[in-house]
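Letter by letter, the chains look like this.
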Number of protein chains: 2
Amino acid sequence: MLNNQVLISKAQIKFIRSLHDKKHRIEEGLFIVEGEKIIVELLNSPNNNIHSVFAVNEFIVRYANQLKRLSSEKVHLINEKELAQISNLQSPNLALVIVHFAATKAIEIQTVKKYILLDNIKDPGNLGTIIRTADWYGIDTIFCSPDCVESTNPKVIQATMGSFFRVNICEVSLSDLIEQHKSITTYGAVLEGENVYNTEFNEGGFLVIGSESHGISEELKTLIDKKIRIPSIGKAESLNASIATAILCSEWARQVNFKI
Amino acid sequence: MLNNQVLISKAQIKFIRSLHDKKHRIEEGLFIVEGEKIIVELLNSPNNNIHSVFAVNEFIVRYANQLKRLSSEKVHLINEKELAQISNLQSPNLALVIVHFAATKAIEIQTVKKYILLDNIKDPGNLGTIIRTADWYGIDTIFCSPDCVESTNPKVIQATMGSFFRVNICEVSLSDLIEQHKSITTYGAVLEGENVYNTEFNEGGFLVIGSESHGISEELKTLIDKKIRIPSIGKAESLNASIATAILCSEWARQVNFKI
């Protein structure tokens, strides 16, 4: 029965589908979150910025307690066919949530904190995975150069596995950022750098990761205080950008947070 | 002109397209490699197992020297339209290469060598990235449980960035493997394990990585000698499987290969 009822207007479908495009997401200040696990984490989080929930009956029943915390006009019952129309996924889940962009916070840079600076990271899976890894290592702010993939891209959100709403993503000029904070040590992953396992990390700092194909841009390289490299034993020419970020964050955390 | 000529038979197109399916790849013992960089690395490698090359004129001219080393009946000139018909990629490159599965080698397990054991890894991007990371850290053999994603899946090959032909991938029962090599230390990544930064690694051993959603299977857990975990400072629930593998390989290599 439910599957024949029209529960969502054509205008709503059009509006939601428009958010699949970066341009409209930015204009509206809204983006889409899908995947049961991520949505539940979002519902459980106190400041979740939820604009609206579109969910099939099964989801609404299963998460009635969590949904109760939202004002009722934000929650829309839809059927599976409608969900397929608005979803970005090949096999749509049980719900789709629209979320407001987090209000731009003034980030106060602290000497004792770690920050990741991403220079021209293009692959959404890489950015999402880096956000998830940052969240694991307690890094709560990532600075992205303006030519990075846009952080509300659905594939980014998917790959963060729920970490996207715990990590601030700020689009800035990385060179301006570094120049404005000369007291902060800037580490950068470059092939000609010092063996990271011999590098002594400060408690906090900037860690710059370059693009998948070109590494850190020449301009930015001149601003790096400590060039570091992950030494290789084998024959691979390079590491994936999210893998390199994780290995460097691990070594940094080992020295600073987990020293015996 | 070239684009209107038929350079490849319908039967050939059908045959190549059949290799997009796992079943046919296994039956034929052949798989597809795409991407200019990977193909060139393959052409440059001495034992490349190439069955045939299908390339547009631009590629054949550019890599004439490398292609000369193959017997001429292996190299087929095609046009771009034909390439699009046989390619797996959304934006097909300049060539597609068909490669024989490597002959199954008898792997002789050595106490001083590191091995990665993958239990039910389903995501092709994860498997490919793990192969690339293994190659970086000089790990030349990965054992996969039979329920892992198949290693000649095009998305696996793509993510390895050329490392797939330097790393042996063997499908085996992981529990049999561990039981048959009791003198080898088996490390396993589990949430309740010991902080990896406090773990003392032997020079060689087995490193078991569990599935993206369920971790290491209960049966296999009982066979692990040293349970290890990557400690967290932040709030992410888990790490991506390829990220966890990389962090553990890095720490292992740091202790064994890069100690000061």
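This text follows the structure it describes.
Notes on the structure in this doc start here. Every value quoted in this text rests on a predicted model; they were computed, and no experiment measured them.

What counts and what doesn't
Residues numbered from 1 in each chain as written. Chains lettered and ligands numbered in written order. Predicted model: local features only at pLDDT ≥ 70, side-chain atom pairs only at ≥ 80, totals over all residues. Heavy atoms only, no water. Pairing = 2+ DSSP bridges. Helix = DSSP H or I, 4+ residues; strand = E, 2+ residues; numbered from the N terminus. Axes fitted to C-alpha atoms, helices over the stretch in contact; angles between N-to-C directions. Least-squares fit on C-alpha atoms with pLDDT ≥ 70 in both. Contact = heavy atoms within 4.5 Å. 1 Å grid on protein atoms, 1.4 Å probe; cavity = no way out; pocket = protein on both sides within 12 Å on 5 of 7 lines; lining within 4 Å. Points joined across faces, edges and corners; volume = space filled by probe spheres on them. Nonpolar A, V, L, I, M, F, W, Y, C, P; charged D, E, K, R; others polar. Expected span 1.5 Å × (residues − 1). Buried < 20%, exposed > 50% of the residue type's maximum accessible area, 1.4 Å probe, protein only. Salt bridge = Lys/Arg side-chain N within 4 Å of Asp/Glu carboxyl O. Phe/Tyr/Trp six-rings, centres within 6.5 Å; stacked < 30°, edge-to-face > 60°. Lys NZ or Arg CZ within 6 Å of the ring centre and 35° of its normal. Buried area = accessible area lost by both parts, 1.4 Å probe. Polar contact = N/O pair within 3.5 Å; in protein donor to acceptor, adjacent residues only side chain to side chain.

**Focus on the sheet that holds strand β10 (residues 226–229) of chain B**
Residue and element names in this part refer to chain B.
And step 1. Read across the sheet, six strands follow the order β7-β6-β5-β9-β8-β10 without closing on themselves; strand pairing throughout is parallel. The open sheet has two free edges, formed respectively by β7 (168–171) and β10, since each of these has just one partner strand. Within this sheet the neighbouring strands show an average axis-to-axis angle of 35°, counted without direction.
And step 2. Where strand β5 (residues 114–118) meets strand β9 (residues 205–209), five bridges bridge the pair, whose relative direction is parallel.

**Considerations on the relation of the copies chain B and chain A**
And step 1. Superposition record for chain B on chain A: RMSD 0.0 Å, screw rotation 180°, translation along axis 0.0 Å. Overall, the copies show the geometry of a two-fold rotation axis.
And step 2. The overlap is high: 100% of the interface residues of chain B also sit at the interface in chain A, so the same surface is used on both sides.

**So, the sheet that holds strand β5 (residues 114–118) of chain A**
Residue and element names in this part refer to chain A.
And step 1. The parallel open sheet is built from six strands, whose spatial order is β7-β6-β5-β9-β8-β10. At either margin of the open sheet sits one strand with a lone partner, and together these are β7 (168–171) and β10 (226–229). When strand polarity is set aside, the average angle formed by the axes of neighbouring strands in this sheet is 35°.
And step 2. As paired elements, strand β8 (residues 186–195) and β10 share five bridges and run parallel to each other. Of the residues in β10, the one forming a bridge with A189 is I228.
And step 3. Strands in contact with helix α11 (residues 241–256) are β5, β8, β9 (205–209) and β10; relative to β9, the strand with the most contacts, it is inclined by about 155°.

**Regarding empty space enclosed by the protein**
And step 1. One pass over the full model with this rule turns up three cavities of 30 Å³ or more.
And step 2. Volume-wise, the largest cavity comes out at about 80 Å³.
And step 3. Lining the largest cavity, in full, are K37(A), I38(A), E41(A), R132(A), T160(A), M161(A), S163(A), R166(A), A236(B), E237(B) and S238(B).
And step 4. Of the residues in the lining of the largest cavity, the class split is three nonpolar, three polar and five charged.
And step 5. The computed volume of the second largest cavity comes to approximately 60 Å³.
And step 6. Lining the second largest cavity, in full, are A236(A), E237(A), S238(A), K37(B), E41(B), R132(B), M161(B), S163(B) and R166(B).
And step 7. Grouping the amino acids of the lining of the second largest cavity by side-chain chemistry returns two nonpolar, two polar and five charged.

**Observations regarding helix α7 (residues 124–136) of chain A**
Owing to its 3.6 residues per turn, the α-helix aligns residues three or four sequence positions apart on the same side.
Residues and elements named next belong to chain A.
And step 1. For α7, built from 13 residues, the straight-helix expectation of 18 Å at 1.5 Å per residue is met to within 8% by its first-to-last C-alpha distance of 18 Å.
And step 2. Judged by how many residues are buried, α7 sits mostly within the fold: twelve of 13 residues are covered.
And step 3. For α7, the complete set of buried residues consists of P124, N126, L127, G128, T129, I130, I131, R132, T133, A134, D135 and W136.
And step 4. Positive phi appears at G138, one or two residues downstream of α7, with a value of about 70°.

**Quick look at the layout of surface pockets**
Residues and elements named next belong to chain A.
And step 1. For the second largest pocket, the calculated volume is near 1,300 Å³.
And step 2. Around the second largest pocket, the lining comprises 49 residues; the ones closest to its centre are A102, F164, V167, N168 and I169.
And step 3. Of all the elements in the fold, those that place two or more residues in the lining of the second largest pocket are α2 (22–28), β4 (95–100), β6 (141–144), β7 and α9 (174–180).
And step 4. Among the elements that line the lining of the second largest pocket, the one with the most residues is β7, at four residues.
And step 5. Split into classes, the residues belonging to the lining of the second largest pocket amount to 25 nonpolar, 15 polar and nine charged.

**Section: the pattern of salt bridges**
And step 1. Evaluated as defined, the whole model comprises 26 salt bridges over all chains.
And step 2. Note that E27(A) and K23(A) form a salt bridge whose closest N and O atoms lie 3.8 Å from each other. Residue E27(A) and its partner K23(A) are both found in helix α2; the two are separated by four residues, about one turn of the helix.
And step 3. Ionic pairing is found between D140(A) and K113(A), a salt bridge with its closest N-O pair at 3.0 Å. Of this pair, D140(A) sits in the loop between α7 and β6 while K113(A) is found in the loop between β4 and β5, placing the two residues 27 residues apart along the sequence.
And step 4. Using a relative accessible area of 27% as the deciding quantity, one classes D140(A) as partly exposed.
And step 5. A relative accessible area of 25% places K113(A) in the partly exposed class.
And step 6. A network of salt bridges, in which partner residues are shared, links E251(A), R254(A), E251(B) and R254(B).

**Points about the packing of aromatic side chains**
And step 1. Counted according to the given criterion, the structure contains 20 aromatic pairs over all chains.
And step 2. Both rings, one in F201(B) and one in W252(B), keep their centres 5.3 Å apart while their planes meet at 20°; by these two values the pair is stacked. Of this pair, F201(B) sits in the loop between β8 (186–195) and β9 while W252(B) sits in helix α11 (residues 241–256), and the two are 51 residues apart along the sequence. Neither F201(B) nor W252(B) differs from the other in exposure class; each is buried.
And step 3. Over the ring of W252(A) we find K114(A), and its NZ or CZ is 5.9 Å from the ring centre.

**What about the interface of chain B and chain A?**
And step 1. Chain B puts 37 residues into the contact, and the matching count from chain A is 37 residues.
And step 2. Among the residues of chain B in contact with chain A, W136(B), Y197(B) and I233(B) are the three that bury the most area, contributing 22% of the side total.
And step 3. Where chain B packs against chain A, one counts four salt bridges.
And step 4. In this structure, the salt-bridge partner of K37(B) is E237(A), at a minimum N-O distance of 3.6 Å.
And step 5. Joining chain B to chain A, the criterion identifies 20 residue pairs in polar contact (both at pLDDT 80 or more).
And step 6. Every element with two or more residues in the side of chain B that touches chain A is listed here: α3 (36–44), α7 (124–136) and α11 of chain B.
And step 7. Per-element tally for the side of chain B that touches chain A: the top contributor is α11(B), with eight residues.
And step 8. Of the residues contributing to the side of chain B that touches chain A, the split by class is 14 nonpolar, 13 polar and ten charged.

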